[in-house]
Amino acid sequence: MGMLFVVAVLLFAVPRAQAQQAGQRAAATENTLATRAAISVMQAGGNAVDAAIAAVLVGGVASPTSSGIGGGGFAMVWLAGKKRATVIDFREVAPAAVDVSAFEHRPFSDAERGKYVGVPGEVAGLWMLHERFGKAPWKDLVAPAIRHATQGFPVGRFLGGSLIANKKRLVIDPGIASVFYPGGKPAAVGQLVRRPALGATLQRIAAEGPKALYQGSIAAELAQTAKSAGGALTTRDLAAYKPVERTPIHVEWEGYDVYTMPPPSAGGLMLAETLRLFSKAELVRLGRQSGAYQHVLAEAMRGAISDRMRFLGDPAKQPADVGALISPARMAKRKARIAVDRTHTLPRFDLDEHGTHHLVTADGAGNVVSLTTTVNRTFGAKLSAKSVGVVLNDQLDDFTAQADVAPFGLAQSPNRPRPGAKPVSSMTPTVVVRDGKAVLALGGSGGTTIATNVTQLVLTSLAFGLTPAQAVAAPRFYVPNSRATLLLEKGASEALEKDLRWRGEIVAPMPFTSSAVQIVSLDGARRAAAADPRKLGEASVK
């Protein structure tokens, strides 16, 4: 409850959460320093890819609750010159010696939290982005993160609230405690914090590229740290890691080309299925703030969640035919089952994701990056390689337990843990194109709320014409995995709740307030960017 209270209080005063002007460059991230790094890189001649790389690395230093080089993620890139969208998948993978049977008995104890650690992909993924699409020198992109790690950065309000709310869990790790709990107390908002060990690691990465992390002494330290808490990560796993370039899911909708994330994420499937179910006219007729609108969207989302549980896993281990899943014929059959006065409930199951940091960058040439990076829960596995300053992820917790797919009639989960497998994610980096030009880019953080949030904001923007600032400020709903069927953010009217209940929804209040969406609009002469006030980010257009 402490974390929820702190974040809720902080939401009332959020500086620089939105920006709009006729500038050429735009960035929206969850951290002020990351946004400024992105804009500075582009002002110095770098492109949107360069800006995203710099912002990710700075975010991992100054916003470590959500991301860092001990984690991984996905990047959706729109290449203006080629009029092409592509995805770089740098999601973590399970080590070769992962203890598969252990994942049926979660949660793990603190002494065994290393079992959650997957092979981190962030550095390898950023390097692939740079090598294929970047423009500025690699070392220049790592430099801002090095500077903030070595010279220090002021604790932001979201980080400060997290340190207070999660102190009991975080101080178990000596590396985290020594940096963020000086004298045993949480670093206060505005207090300068230095991460010299991480700065030294970043300096090596700037000079040597990804081999600095995936080979040699740093790799050995990461493996030993995971092993000390029961993990299976080895130096061989690190040396073998490779990011993957993927083809996005592509849906045409009302004159727009929507490019979103394919497996191993389920977020893009939810967005694509929802777009295939409803036309703009149907949604506008229902009305954006009506109970009927929220109900039919929730029905679409529940169908997508069921498809996630039944069909999606690591495509290298268990391919899914996404084209067949979102086919017009299949969606027409599903739509016929959706009624404005009836609710389909999901089988009860556990699907639990947490952290993440999403950012969007756009340059003057029309290139756009929508990138989500994560260590999963707050400070990942709460396990740091102290001498190198890297906090390890707990991403393997995203594998699905057998008990959770039994209600869906499955003998085994397509998202079960296997050596070298990537767990399914909810991350939904998305770019919307019209007439060959990117007009909207967005994505979110907040675990399983990501897909529902991004779906709502895509429709809010494309069907109802809200600006980025209006879109991120608007109340949202969430489809949970158990108990209630619909969670509403604070401020929902009694009339709305009554209407939803009439339609068969079991309504409850949203218990968390830190799921966030970052969004940039490039439609028309003016560019606009907004950072979600729920996570105290910053947007800039210059």
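Here, the structure is the one placed above.
Being a predicted model, the structure only gives us computed values, none of them experimental. (Residues numbered from 1 in each chain as written. Predicted model: local features only at pLDDT ≥ 70, side-chain atom pairs only at ≥ 80, totals over all residues. Heavy atoms only, no water.)

Caption draft 1: Structural view of the overall build of the protein chain. For the protein chain, the helix and strand inventory stands at 21 helices and 21 strands. For 542 residues, the compact-globule estimate of 2.2 N^0.38 gives 24 Å, and the protein chain sits close to it at 21 Å. Expressed as a percentage of its 542 residues, the buried residues of the protein chain come to 63%. Within the protein chain, counting contacts between residues at least 6 apart in sequence, those at least 24 apart form 73% of the total. Accessible surface computed for the protein chain: about 19500 Å², of which carbon and sulfur atoms make up 54%. (Helix = DSSP H or I, 4+ residues; strand = E, 2+ residues; numbered from the N terminus. Rg over C-alpha atoms; globule rule 2.2 N^0.38 Å. Buried < 20%, exposed > 50% of the residue type's maximum accessible area, 1.4 Å probe, protein only. Contact = heavy atoms within 4.5 Å. Areas by Shrake-Rupley, 256 points an atom, 1.4 Å probe, with all protein chains shown as cover.)

Caption draft 2: Molecular detail of the environment of Pro-511. By the element assignment, Pro-511 lies in the loop between strand S18 (507-509) and strand S19 (516-521). Sequence separation between Pro-511 and Leu-488 is 23 residues, and the spatial gap between their C-alpha atoms is 8.9 Å.

Caption draft 3: How the structure looks around the pairing of strand S8 (residues 249-253). Going residue by residue along S8, you find Ile-249, Val-251 and Trp-253 tucked away on one face and His-250 and Glu-252 left uncovered on the opposite face. One ladder, built from five bridges, connects S8 with strand S9 (residues 256-260); its direction is antiparallel. Paired with Ile-249 across the bridge in S9 is Thr-260. Linkage of S8 to S9, two consecutive antiparallel strands, is achieved through a turn of two residues, within which Glu-254 is found at a positive phi near 55°. (Pairing = 2+ DSSP bridges.)

Caption draft 4: The sheet that holds strand S11 (residues 368-374), seen in detail. Spatially, S7-S4-S3-S11-S10-S2-S21 is the arrangement adopted by the seven strands of the open sheet, whose pairing is antiparallel. With partners counted over all chains shown, the strands left at the sheet margins are strand S7 (244-246) and strand S21 (538-541), one partner each. If you compare each strand with its neighbour and ignore which way they point, the axes differ by 10° on average. With three bridges connecting them, strand S2 (residues 26-29) and strand S10 (residues 357-362) associate as antiparallel partners. Looking across to S10, one finds that Ala-28 is bridged to Val-360. Set on the sheet, helix H2 (residues 32-43) makes contact with S2, S10 and S21; between it and S2 the angle comes to about 160°. Packing of helix H4 (residues 122-133) onto the sheet brings it into contact with strand S3 (72-79), strand S4 (84-90), S7 and S11, and relative to S4 it is tilted by some 150°. (Axes fitted to C-alpha atoms, helices over the stretch in contact; angles between N-to-C directions.)

Caption draft 5: Inspection of the packing of helix H13 (residues 267-277) against helix H17 (residues 328-336) at higher detail. Relative to each other, H13 and H17 sit at 75°, their axes nearing to 9 Å. As judged from the angle between their axes, H13 and H17 are roughly perpendicular. Between H13, through Glu-273, Arg-276 and Leu-277, and H17, the contact on the second element is made entirely by Pro-328, Arg-330, Met-331, Arg-334 and Lys-335. (Parallel < 35°, antiparallel > 145°, perpendicular 65-115°, else oblique.)

Caption draft 6: Representation of the nonpolar core within the structure. One finds Trp-78 and Val-368 to be the most contacted residues of the largest nonpolar core, which totals 79 residues. Take this core: its biggest share by element is eight residues, from helix H15 (residues 291-311). Contact partners of Val-368, with chain neighbours within four places excluded, come to Ala-48, Met-76, Val-77, Trp-78, Val-360, Thr-361, Ala-362, Val-431, Ala-438, Ala-441 and Leu-522. Grouped together as the second largest cluster of nonpolar side chains are 78 residues, Met-42, Val-77, Val-93 and Leu-383 included. (Core = buried A, V, L, I, M, F, W, Y, C linked by side-chain atoms within 4.5 Å.)

Caption draft 7: Representation of the packing of aromatic side chains within the structure. Under the definition given, this model contains eight aromatic pairs. One residue, Arg-377, lies across the ring of Tyr-116, its end atom 4.7 Å from the ring centre. (Phe/Tyr/Trp six-rings, centres within 6.5 Å; stacked < 30°, edge-to-face > 60°. Lys NZ or Arg CZ within 6 Å of the ring centre and 35° of its normal.)

Caption draft 8: Summary view of the pairing of S10. Judged by how many residues are buried, S10 sits mostly within the fold: six of six residues are covered. The side-chain alternation of S10 yields two buried faces, one formed by His-357, Leu-359 and Thr-361 and the other by His-358, Val-360 and Ala-362. Hairpin connection, S10 to S11: the antiparallel pair is bridged by five residues, and Gly-366 has positive phi, about 95°.

Caption draft 9: Fine view of the packing of H2 against helix H3 (residues 48-62). Where H2 contacts H3, the axes come no closer than 8 Å and their chain directions differ by 155°. By the criterion of interaxial angle, the relationship of H2 to H3 is roughly antiparallel. Considering the relative orientation of H2 and H3, their crossing is right-handed. Contacts between H2 and H3 pair Leu-33, Ala-34, Ala-37, Ala-38, Val-41 and Met-42 from the former with Ala-48, Asp-50, Ala-51, Ala-54, Ala-55, Val-58, Gly-59 and Ala-62 from the latter. Grouping the constituent residues of the contact of H2 with H3 by class yields twelve nonpolar, one polar and one charged. (Left-handed = near helix turned anticlockwise from the far one by under 90°. Nonpolar A, V, L, I, M, F, W, Y, C, P; charged D, E, K, R; others polar.)

Caption draft 10: The environment of Lys-382, seen in detail. The residue Lys-382 is located in the loop between S11 and strand S12 (384-385) in this model. Take Lys-382: its relative accessible area is 7%, and that puts it in the buried class. As for Lys-382 and Val-171, which are separated by 211 residues in sequence, their C-alpha atoms are 8.5 Å apart. A polar contact of 2.9 Å, which involves the side chain of Lys-382, links it to the backbone oxygen of Thr-378. (Polar contact = N/O pair within 3.5 Å; in protein donor to acceptor, adjacent residues only side chain to side chain.)

Caption draft 11: Up close: the sheet that holds S18. As summarised here, the arrangement of the three strands in space is S16-S17-S18, forming an open sheet in which the pairing is mixed. The two strands at the open ends of the sheet, each matched to only one other strand, are strand S16 (477-478) and S18. Two elements, S16 and strand S17 (residues 486-488), share two bridges in a ladder whose sense is antiparallel. Bridging from a neighbouring strand, Tyr-478 pairs with Leu-487 of S17.

Caption draft 12: Looking closely at unusual backbone geometry. Of the consecutive residues Arg-106 and Pro-107, the connecting peptide bond is found in the cis state with omega at 5°. In this fold, Pro-107 is placed in the loop between S4 and H4. Put simply, Pro-263 and Pro-264 share a cis peptide bond, and its omega is 20°. Positive phi outside glycine occurs at Phe-379, with the angle close to 55°. By the secondary structure assignment, Phe-379 is in the loop between S11 and S12.

Caption draft 13: Structural view of the side chain of Asp-257. Turning to its location among the elements, Asp-257 is positioned in strand S9. Of the side chains with opposite charge, Arg-434 comes closest to the buried, unpaired Asp-257, at an N-O distance of 9.1 Å. Here His-250 takes part through its side chain, which lies 2.7 Å from a polar atom of the side chain of Asp-257. Setting aside residues up to four positions removed in sequence, Asp-257 forms contacts with His-250, Val-251, Glu-252, Val-431, Val-432 and Val-433. (Lys, Arg positive; Asp, Glu negative; His and termini not counted. Salt bridge = Lys/Arg side-chain N within 4 Å of Asp/Glu carboxyl O.)

Any link to function would need more than the numbers given here.
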